[in-house]
Amino acid sequence: MKIRSLLIFLVSVSLLNLSCKTNKEDVVEKGVSFPLNAYRKKTIDSIQYVIELNIPSKKIEKIRGTQTILFNLNTLDSALVLDFSNDQSQILSVKSGDKIADYKFVNEHIIINPGQLVKGKNRVTIEFIAGDLSLNRNEEYLYTLFVPDRASTCFPLFDQPNLKASYQLTLKTPGNWEAVSNGKLKEKAMSGDTSIYQFEETKPISSYLFAFAAGKFFKATKTIGDREMTMYYRETDSVKVNRNRDEVFNLHAKAVTWLEEYTAIEYPFGKFDFVLLPSFQYGGMEHPGAVFYNESALFLDENPPVNRQLARASVIAHESAHMWFGDLVTMDWFNDVWLKEVFANFMAAKIVHPSFPQINHKLRFLLAHYPRAYEVDRSAGTNPILQNLGNLKNAGTLYGGIIYQKAPIVMRQLEKKIGQDMMRESLREYLKKYSFGNARWDDLIGIIDKKSPLDIADWSNVWVKTPGMPEYELIGEKEEIEIRQKQDSVSDRVWQQPAVVFWKEKFAEGKVNLNLSNQLQSVRKPDFPAMVFPNSDGEAYGYFKMDSVSEDYFFLRYDTTKDTTFANPVFRGAMLVNIWEGFLRGDGAKPERYLIYLSDVLQKEDNALISDYLLGNIQTIWWTFLTDQQRKRNQENIEQILWSLLEKTPDKGMKNSYFRAFRNVALTESGLRKLEVLWNDQLKVKDLVLSEDDKISLAYELALKGHVDAKGVLAKQLSNTKNPDRRAKMEFVIPAISQDEVERDKFFESLRKEENREHEAWVLEALPFLHHPLRSKSALKYLRPSLDLLQEVQLTGDIFFPQRWLHSTFSGHSEKEAANIVNTFLKEKGDYPYYLKNKILQSTDLLDRAIKLKQ
């Protein structure tokens, strides 16, 4: 008997036993285990949910609900298991057909005896009190976020991606609230002070994609072509809204049109609405018919840098691509969640090209994907693209840089191997075959393997199913320069990929195209000493160690206008990524010297994408890798460089980037005075437009660095802040900035309570102030409790929150004491969940490297 069939058999026996017993120890575990998922997929189909929720005007009041679940059951050999991750007291009644059902509530599951069901069509009706965990309730609005397994925290259902169902929703809300869901609005009626919204039945979708939002929203509608779109939003700055509105609609229309042409499938879900939410946990979430976004990601400030414009276009393209890749065809089990994310990112990169013809998209892909993928892959906590998953309750831990950044690189490799035409043909076949159903990565590989003579499965086993990144070394100097993959520390894997290596001698230069492997391959037999620049087109993936002579030459000859090689921004970007990777591994210049190199080339760089990348690395070196004494030596110089660039640049977008970098590092009396007069409008810099968010950030920096009366500045800024959502966030963050350590201690202690972490974006804005490098010594006492809370944070927070909790906690630390706390924790917790241990190792990788480089 195959393992999967055996698991299904065992869970069916367990459920049959459970239906006859009351002992809770005999039972299914919390969450949705893989065996339960497989058994239900085998025995249940044709699911429909009819849901009614009564939303009161006050946040503290409970939301009561009624739902009818219609489904087909093809066997009566075991109990029926519904998921409801709440307390039993929130179940008010359960009926099977027209009869009261005798059910058990075990480990957050409603268990109904098969004797109360029939083979074939069933109807179960449940009255309940909805759980609040994933309702994101605020005083004036709420929104759902059910990915990956959080729908069951709100209402009972079969909460797994491969049991797709239709949803028919009715919402009763306060009379002045708007409401939106996946389905088209069928009817809106009034009953006294209550609005009743009835939505049409949806197409079959997975439970994590069901969504609704309700509250005091503004809305705007626009028709482009024959597609009507409605945007719901909370932003009160009408000038900002008017400046962004048309572009937001246009970017959606362009993305959907491109995807229809690429896939040869019309948009599958009828209506297309989207909701912009303040402090939304992600950039976006792909609910069909009701896409949710972080409001600040789409409503940009005046004169946004090109990276912000690209990010907006990309997140819109990403979520639009999900309508086909993830929503129309969904992964069978969440271990393949990367599949929907890789195609969304991969397609987004293709989609944004026509909207930004002035952008070098090869450079953009390089800088948007490689550095962040390397952040994870170089760490001891890295993971393969395709990961194992035993229970859906841990599915959120699968998300991260490998899925979002490495996977698109690997997918681009695949497209290059088989060609764009075969890729498109294979994806069209995949979408058509599994439309409104579920599929696995191996299903797609099977389609491609039938069309291609190449061994795609072997390539996939290395790149998709094993962790880590290849490392390459240059060997030889005078007689011959060769390159090869270093011995793999995991196995004898060979990372098949092409690469380009550029070489330069005194009187000659050239490039060589290689197919990299673990065998030595010749780069050049030099006539004179040669500089070698591996991966010069930035497309190969891995660590390419550079020799010090070539690295020094690169920095000393850095000129974007004269040298033809350096005039290519992709080459410059690729070398900067290579050298940064070498620096972090201890193979390059020391931190202070490297800061000088980067500061110098920043002043020569004329490409906005590279400049933004350089600014990020400079700030990381500044706060993480320099000692206090080194910062003091370089403080005036770095401020002068950034302020000069801020004043001189004609690029309005880069002016904002230089301003934010200056704001971050400013510490001299002169620098802080500049921040103060910018904040209080006594100083105006040409073309630098400061938004309300910028003013808030300036107030935070001034208060943190103690330049002025902290309480007075924060109180004045709070009074000046007009938007109610930003004002509420400020009130939450201010205690973390306090100069009073006792007040900061109280703030941290408050985070132990789940209700004080419910606004995750607020928490993540506050934590970096609590752990700022200027006060990191006093924050050491928060590190062990933060690690102790991690499992609870994972269970109660959304998918990115555990990683971001860790990053925000440790990003301000570079001292040995912090590393010792982490090591002691991991040593004491020998049986700690591996997926959370990996998150810790990923988040503390820079901490460990900083300690080594400071020695």
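Predicted model, so just to flag it, every value in this text is computed and none were measured.

Asker: Even after reading the chapter, I still don't get the overall build of the protein chain, so can you show me in this structure?
Answerer: Within the protein chain one finds 30 helices and 28 strands. Here the C-alpha radius of gyration of the protein chain, 28 Å, is about what a compact globule of 855 residues would show, namely 29 Å. Projected onto its principal axes, the C-alpha coordinates of the protein chain cover approximately 90 × 70 × 60 Å. A separation of at least 24 residues holds for 72% of the contacts in the protein chain among residues at least 6 apart in sequence. Of the charged side chains in the protein chain, 112 are positive and 113 negative, and the gap between their average positions amounts to 0 Å.

Asker: Just checking my understanding: could you explain the pattern of salt bridges for this structure?
Answerer: Opposite charge on two side chains allows them to pair when their charged atoms are near. Under the definition given, this model contains 52 salt bridges. The shortest N-O distance in the salt bridge between Arg-440 and Asp-443 comes to 3.4 Å. Close ionic contact of Arg-585 with Glu-471 constitutes a salt bridge, the shortest N to O distance being 3.2 Å. Of the two residues, Arg-585 sits in the loop between α13 (569-584) and α14 (591-604) while Glu-471 sits in strand β22 (residues 471-475), which places them 114 residues apart along the sequence. Residues joined by salt bridges that share partners form a network here, namely Lys-240, Asp-301, Arg-660, Arg-663 and Asp-694.

Asker: Would you take a moment to explain the sheet that holds strand β4 (residues 91-96) for this structure?
Answerer: The pairing of strands in a sheet comes from backbone hydrogen bonds and takes either a parallel or an antiparallel form. Strand order across the open sheet formed by eight strands is β5-β4-β8-β2-β1-β10-β13-β12, with mixed pairing between neighbours. Two strands lie at the open edges of the sheet, namely β5 (99-100) and β12 (185-191), each paired on one side alone. Along the sheet face, helix α2 (residues 34-43) touches β1 (44-54) and β2 (64-73) and points at about 105° away from the line of β1.

Asker: Would you mind showing me how to read the packing of aromatic side chains here?
Answerer: Within a pair of aromatic rings, the relevant descriptors are the distance that separates the centres and the angle that separates the planes. Within this structure, the stated rule accounts for 66 aromatic pairs. Between Tyr-167 and Phe-210, the ring centres sit 4.4 Å apart and the planes meet at 10°, which makes this aromatic pair stacked. Placement of Tyr-167 in strand β10 (residues 165-174) and of Phe-210 in the loop between β13 (194-199) and β14 (212-215) is noted, with a sequence separation of 43 residues between them. Seen from their ring centres, Phe-555 and Tyr-597 are 4.4 Å apart, and the 10° between their planes marks the pair as stacked. Here Tyr-597 lies in helix α14 and Phe-555 lies in helix α12 (residues 548-556), a separation of 42 residues in the sequence. By the burial criterion, Phe-555 is buried, and Tyr-597 matches it. Over the face of the ring belonging to Tyr-597 we find Arg-593, whose NZ or CZ atom lies 4.7 Å from the ring centre. A cation over a ring is seen here: Lys-674 above Trp-643, with NZ or CZ 5.3 Å from the ring centre.

Asker: Before we go on, may I ask you to explain the pairing of β1 in this structure?
Answerer: Successive side chains on a regular strand alternate, one facing one side of the sheet and the next facing the other. Pairing analysis gives nine bridges linking β1 to β2, with the strands arranged antiparallel. Residue Asp-45 lies in a different strand from β2, and its bridge partner there is Asn-72. Here eight bridges tie β1 to β10, and the two strands are oriented parallel to one another. If you follow Gln-48 over to β10, its bridge partner there is Ser-166.

Asker: Looking at this structure, I do not really get the nonpolar core. What am I missing?
Answerer: Most often, soluble globular proteins keep nonpolar side chains buried together rather than apart. Among the nonpolar cores identified, the biggest contains 295 residues, and Trp-338 and Met-347 are the most heavily contacted of them. The element that contributes the greatest number of residues to this core is helix α6 (residues 337-355), accounting for twelve residues. In contact with Trp-338, not counting residues within four places along its chain, are Ile-385, Leu-386, Ile-403, Ala-407, Met-411, Trp-441 and Val-464.

Asker: Where do I start with the sheet that holds strand β27 (residues 531-534) in this structure?
Answerer: If you walk across this open sheet you meet the three strands as β25-β24-β27, and the pairing is antiparallel. Sheet topology places β25 (509-516) and β27 at the edges, where each strand pairs with a single neighbour. Taken pair by pair, the neighbouring strands of this sheet meet at an average axis angle of 25°, ignoring direction. Lying on the sheet, α12 is in contact with β24 (497-504) and β27; it crosses β27 at an angle near 85°.

Asker: Hey, could you run me through the environment of Ile-129 in this one?
Answerer: Considering the arrangement of structural elements, one finds Ile-129 in strand β8 (residues 120-129). Linking Ile-129 and Val-462, residues 333 residues apart in sequence, is a C-alpha distance of 48 Å. The contact partners of Ile-129, leaving out residues within four places of it in the chain, are Lys-62, Ile-63, Phe-84, Gln-90 and Leu-92.

Asker: Is there a simple way to think about the environment of Glu-636 in this case?
Answerer: Within the secondary structure, Glu-636 sits in helix α16 (residues 628-648). Overall, the relative accessible area of 55% leaves Glu-636 in the exposed class. The sequence separation of Glu-636 and Leu-667 amounts to 31 residues, and the corresponding C-alpha distance is 8.7 Å.

Asker: Please explain the packing of α14 against α16 as it appears in this structure.
Answerer: If you want to describe how two helices pack, look at the angle between their axes and the distance between the axes. Where α14 meets α16, the closest approach of the two axes is 11 Å, and the angle between their N-to-C directions is 10°. Classified by the angle their axes make, α14 and α16 are roughly parallel. Residues Glu-592, Leu-595, Ile-596, Ser-599, Leu-602 and Gln-603 of α14 pack against Gln-630, Arg-633, Asn-634, Ile-638, Ile-641, Leu-642 and Leu-645 of α16. Grouping the constituent residues of the contact of α14 with α16 by class yields seven nonpolar, four polar and two charged.

Analysis parameters
- Residues numbered from 1 in each chain as written.
- Predicted model: local features only at pLDDT ≥ 70, side-chain atom pairs only at ≥ 80, totals over all residues.
- Heavy atoms only, no water.
- Helix = DSSP H or I, 4+ residues; strand = E, 2+ residues; numbered from the N terminus.
- Rg over C-alpha atoms; globule rule 2.2 N^0.38 Å.
- Contact = heavy atoms within 4.5 Å.
- Lys, Arg positive; Asp, Glu negative; His and termini not counted.
- Charge placed at Lys NZ, Arg CZ, Asp CG, Glu CD.
- Salt bridge = Lys/Arg side-chain N within 4 Å of Asp/Glu carboxyl O.
- Pairing = 2+ DSSP bridges.
- Axes fitted to C-alpha atoms, helices over the stretch in contact; angles between N-to-C directions.
- Phe/Tyr/Trp six-rings, centres within 6.5 Å; stacked < 30°, edge-to-face > 60°.
- Buried < 20%, exposed > 50% of the residue type's maximum accessible area, 1.4 Å probe, protein only.
- Lys NZ or Arg CZ within 6 Å of the ring centre and 35° of its normal.
- Core = buried A, V, L, I, M, F, W, Y, C linked by side-chain atoms within 4.5 Å.
- Parallel < 35°, antiparallel > 145°, perpendicular 65-115°, else oblique.
- Nonpolar A, V, L, I, M, F, W, Y, C, P; charged D, E, K, R; others polar.

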